[in-house]
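# Close look at the chain arrangement
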Amino acid sequence: MNAIQVKKQEFLNEAVSFFKNASVHADEGDIQTSAGLILKALDQERRAGGVGPQVLHLIKTR
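These figures come from a predicted structure and were not determined experimentally.

This next bit is on the overall build of the protein chain. Helix and strand counts for the protein chain come out as two helices and zero strands. For the protein chain, long-range pairs separated by at least 24 residues make up 55% of all intrachain contacts whose partners lie at least 6 apart in sequence. A total of about 5,100 Å² of accessible surface is found on the protein chain, and carbon and sulfur atoms cover 57% of it.

What follows is the structure, given as structure tokens:
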């Protein structure tokens, strides 16, 4: 795997970890902590989607 794929996988692994911990806390009734962990997991998924080359700089303005 190249560096981009490795970084993306790291973010996704971290997200899975947060989701698992959120599930444990939800089962214990700690909804507030669970919600916070879900938000962290979603942030990691967002970061994984942003890994790689960005094309915005290729668009020329008039």
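Here the narrative resumes, following the displayed structure.
One way to put it is that helix α1 (residues 3–27) packs onto helix α2 (residues 31–49) with a least axis distance of 8 Å and a crossing angle of 165°. Taken together, the axes of α1 and α2 lie roughly antiparallel to each other. Judged by the sense of rotation from one axis to the other, the crossing of α1 with α2 is left-handed. Between α1, through K8, F11, L12, E14, A15, F18, F19, N21, A22, H25 and A26, and α2, the contact on the second element is made entirely by I31, T33, S34, L37, I38, K40, A41, L42, Q44, E45, R47 and A48. When grouped by side-chain class, the residues that make up the contact of α1 with α2 number 13 nonpolar, five polar and five charged.

One finds A15, F18, A22, L37 and A41 forming the largest nonpolar core, which totals five residues. Of all the elements in the fold, those that place two or more residues in this core are α1 and α2. In terms of residue count, the dominant contributor to this core is α1 (three residues). Ignoring any residue separated from it by four or fewer positions in sequence, one finds A15 in contact with A41, Q44 and E45.

On inspection of all chains with the given rule, the structure shows three salt bridges. R46 is the salt-bridge partner of D43, the closest N and O atoms lying 2.5 Å from each other. Within this pair, D43 and its partner R46 are both found in helix α2, separated by three residues, close to a single helical turn. Under the relative-accessibility criterion, D43 is labelled partly exposed at 24%. We note a salt bridge from R47 to D43, for which the minimum N-O separation is 3.0 Å.

Criteria and cut-off values
Residues numbered from 1 in each chain as written. Predicted model: local features only at pLDDT ≥ 70, side-chain atom pairs only at ≥ 80, totals over all residues. Heavy atoms only, no water. Helix = DSSP H or I, 4+ residues; strand = E, 2+ residues; numbered from the N terminus. Contact = heavy atoms within 4.5 Å. Areas by Shrake-Rupley, 256 points an atom, 1.4 Å probe, with all protein chains shown as cover. Axes fitted to C-alpha atoms, helices over the stretch in contact; angles between N-to-C directions. Parallel < 35°, antiparallel > 145°, perpendicular 65-115°, else oblique. Left-handed = near helix turned anticlockwise from the far one by under 90°. Nonpolar A, V, L, I, M, F, W, Y, C, P; charged D, E, K, R; others polar. Core = buried A, V, L, I, M, F, W, Y, C linked by side-chain atoms within 4.5 Å. Buried < 20%, exposed > 50% of the residue type's maximum accessible area, 1.4 Å probe, protein only. Salt bridge = Lys/Arg side-chain N within 4 Å of Asp/Glu carboxyl O.

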